[in-house]
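Breakdown of the fold
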Amino acid sequence: MQLRYSFRLYPGAGQRMALARAFGCARVVYNDALRARETARSEGMPFPKTGDLSKQLITEAKSTPQRAWLAEVSAVVLQQSLRDLDTAYRNFFDGLKGKRPRMGAPRYKSKRDTRQAVRFTANARWSITPGQKLRLPKIGDVKVKWSRTLPSVPSTVTVVKDSAGRYFASFVVKTDASEVLPEVAPELGIDLGLGHFAVLSDGTKVDSPRFLRRAEKRLKKAQRALSRKEKGSSNRNKARIKVARAHAKVADARREFHHQLSTRLIRENQAVAVEDLAVKGLARTRLAKSVLDAGWSAFVGMLEYKAARYGRTFIRIGRFEPTSQVCSWCGVKDGPKPLHVREWTCQACGAVLDRDINAAVNVAKAAGLAVSACGAQVRPGLVPAPRSEAGTHPKPSPIRWEQAGIPGL
């Protein structure tokens, strides 16, 4: 499978100018190609092919005074910009055909976009120098903060500038079966929530860090300062970067938490099952901020690709499975319950159930995993005795013993 590794870049002043030039040229070629295709569509002409657009908008445009500056950047960057437009159109048409979730038609890029990116393939002849720097054509040797080693030789590298003004190098590498972990016995069901981020079928509860909630005071102060700056001024741009860095800090902390937890769960369990939550629907409720702060979709995505990478089993059960209504001890459906009910007693068997742990066990059972209800930390309640066994037995009298044919004492 293909993986993406991201590392922080620290370009110099001249290299930042060269990267800004590359970002701008790639954006112009993208917009020119989009304009050409939209013009052809409005006039009823055939859809221009990528090869024709490359010849017209890159090769021939470099010889014109209006686009002569396109020669100042690597041609591979411009070619990849056309490929990005092809991908955008393909995703749009696949959404109309029902092959993927619907998305909007390609739109023009703006130079005021806070996120910029260019991609270099092997044809660009980029390399990693002996001094562990990233050598990019017509940009130079850029300093890289290597946090880990790449598992194999990367095929492409994408240079990204985010909203906070940080630069990253994103490498695409291929992995093989050598990373498959040895088999283990445990199998796990996971119930995601807000009170606890994750409740496991073995009874473990992982607290929700609430990164956004904890950073709200700092974000509020930075956003208030931004709102007071004059539009178009340098001070407003500086304040915008401060707000973007505060949000990036929250996002980085959340991503690190997701990576650490998902890696631990995948390494310690042979199979993992989760519930397919309707995050988009929950994001339109009064719990929207807390739902988006938890980042369930990103966490489940990490579990899925790490399971495929390390040879584990990942199962996603349907969102309409009544995991919170079924007793994991006897299997009787007890009906829906309000959210404030965190512990309930099964009317059939009398077991006292923790709502979240019981749901995690039911998630594992619905996925067909070998998880017993003993992991739900249930305790048998007080079950009424049958009527025939209720009360105390009277002491036998001599008459009764004699009537029974037994000599009295």
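Numbering of residues starts from 1 in each chain and follows the order in which that chain's sequence is written. Reporting in this predicted model follows two pLDDT cut-offs: at least 70 for local features of residues, and 80 or more for side-chain atom pairs to be given and counted; totals over whole chains, interfaces and linings ignore these cut-offs and use all residues. As a rule here, side-chain values cover all heavy atoms of the structure and leave hydrogens and water aside.

Glancing now at the packing of aromatic side chains. Centre distance within 6.5 Å is the pairing criterion for rings of Phe, Tyr and Trp, where only the six-membered ring of Trp is used; planes under 30 degrees apart are then read as stacked, over 60 as edge-to-face, and the remainder as tilted. Across all of its chains, the model carries ten aromatic pairs by this definition. Measuring from centroid to centroid gives 6.1 Å for Tyr-89 and Phe-93, while their planes differ by 20 degrees, and the two rings are stacked. Of this pair, Tyr-89 and Phe-93 both sit in helix 3 (residues 75–96), separated by four residues, roughly a single helical turn. The buried label goes to any residue with under 20% of its type's maximum accessible area, the exposed label to any with over 50%, and the partly exposed label to all in between, with areas taken from a 1.4 Å probe on protein chains only. Owing to a relative accessible area of 6%, Tyr-89 belongs among the buried residues under this scheme. Classification of Phe-93 as partly exposed rests on a relative accessible area of 37%. Relative to Phe-171, the ring of Trp-126 lies with its centre 5.8 Å away and its plane at 45 degrees, an arrangement referred to as tilted. Per the convention used, a helix needs a DSSP run of H or I reaching at least four residues, while a strand needs a run of E reaching at least two, with both numbered from the N terminus.

What follows is about helix 2 (residues 50–59). By the burial criterion, the buried members of helix 2 are Leu-53, Ser-54, Leu-57 and Ile-58. For helix 2, the buried positions fall inside an angular range of 105 degrees around the axis, keeping them on one side. Set apart from the buried face of helix 2 by more than 90 degrees, the exposed residues are Gly-51, Asp-52, Lys-55 and Thr-59. Here a residue-residue contact requires only that any non-hydrogen atoms of the pair lie within 4.5 Å. Lining the buried residues of helix 2 we find helix 1 (13–42) and helix 3. Throughout, the arc means the angular range of directions from the helix axis out to the C-beta atoms.

When DSSP finds at least two bridges between two strands, those strands are taken to pair. Pairing is antiparallel across the open sheet formed by seven strands, whose spatial order is 2-6-7-1-5-4-3. On the outer flanks of this sheet lie strand 2 (116–120) and strand 3 (127–128), each paired with one strand and no other. Pairing of strand 4 (residues 133–136) with strand 5 (residues 140–145) involves four bridges; the strand directions are antiparallel. For Lys-133, the partnering residue across the bridge sits in strand 5 and is Lys-143.

Just geometry here; none of it tells us what the structure is for.
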